[in-house]
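# Coordinate inspection notes
Residue-level listing of the chains:
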Amino acid sequence: MLSRLDSPQQLATHDEVERVALTTSDVEAADGFVQRVLGELVHAAPAVREAIRIFIAAQSNSSLAADRLHIHRNTLLRRLARADELLAQCGLRRQAAWCWKVRR
């Protein structure tokens, strides 16, 4: 798997392998994985989910993301703060960026 992804890593964790396997083969399992990882964020308002997606696509540049969304930067930051609150409820903030990239 690592060579197929052109990764310089020599080892992969089970979670990393699970992510690739789930997102490339079993849609139901992938949906369950996203629900487990993202918890209530899955049910967030569309504006919050879109803010996350665009923020990630803008490589975490809030000014650029706000411009792309045609909103004020503070509005974007409020939406991202709401997403952060939802992620804190399930205790998994770091995995969000990867999962949202996969599910867009």
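Whatever comes next refers back to the structure up there.
Scope of this entry: the structure provided in the associated data block. (Residues numbered from 1 in each chain as written. Predicted model: local features only at pLDDT ≥ 70, side-chain atom pairs only at ≥ 80, totals over all residues. Heavy atoms only, no water.)

A word on the overall build of the protein. Helix and strand counts for the protein stand at six helices and zero strands. Going from the N terminus to the C terminus, the protein shows its helices and strands as α-α-α-α-α-α. The 104 residues of the protein split such that 30% are buried. In the protein, once contacts between residues fewer than 6 apart in sequence are set aside, the share between residues at least 24 apart is 45%. About 7000 Å² of surface is accessible on the protein, with carbon and sulfur atoms providing 50% of the total. (Helix = DSSP H or I, 4+ residues; strand = E, 2+ residues; numbered from the N terminus. Buried < 20%, exposed > 50% of the residue type's maximum accessible area, 1.4 Å probe, protein only. Contact = heavy atoms within 4.5 Å. Areas by Shrake-Rupley, 256 points an atom, 1.4 Å probe, with all protein chains shown as cover.)

Among the nonpolar cores identified, the biggest contains 20 residues, and Leu38, Leu41, Val48, Ile52 and Leu76 are the most heavily contacted of them. For this core, the elements supplying multiple residues, two or more each, are helix H2 (27-38), helix H3 (46-57), helix H4 (62-69) and helix H5 (73-90). (Core = buried A, V, L, I, M, F, W, Y, C linked by side-chain atoms within 4.5 Å.)

Here we take up the pattern of salt bridges. Scanning the entire structure with this criterion turns up two salt bridges. Glu50 serves as the salt-bridge partner of Arg53, at 3.0 Å between the closest nitrogen and oxygen. Residue Arg53 and its partner Glu50 are located together in helix H3, separated by three residues, close to a single helical turn. Judged by relative accessible area, which is 27%, Arg53 ranks as partly exposed. Here Glu85 and Arg82 are joined by a salt bridge, their closest N and O atoms 3.1 Å apart. Here the residue Glu85 and the residue Arg82 both occupy positions in helix H5, the gap between them amounting to three residues, near one helical turn. By relative accessible area, Arg82 is classed as partly exposed at 38%. (Salt bridge = Lys/Arg side-chain N within 4 Å of Asp/Glu carboxyl O.)

Now for the packing of H3 against H4. Relative to each other, H3 and H4 sit at 125°, their axes nearing to 8 Å. Accordingly, the angle class assigned to the pair H3 and H4 is oblique. Relative to H4, the crossing made by H3 is right-handed. Mapping the contact onto sequence places Glu50, Ala51, Ile54, Phe55 and Ala57 in H3 and Ser62, Ala65, Arg68 and Leu69 in H4. Tallied by class, the residues present in the contact of H3 with H4 amount to six nonpolar, one polar and two charged. (Axes fitted to C-alpha atoms, helices over the stretch in contact; angles between N-to-C directions. Parallel < 35°, antiparallel > 145°, perpendicular 65-115°, else oblique. Left-handed = near helix turned anticlockwise from the far one by under 90°. Nonpolar A, V, L, I, M, F, W, Y, C, P; charged D, E, K, R; others polar.)

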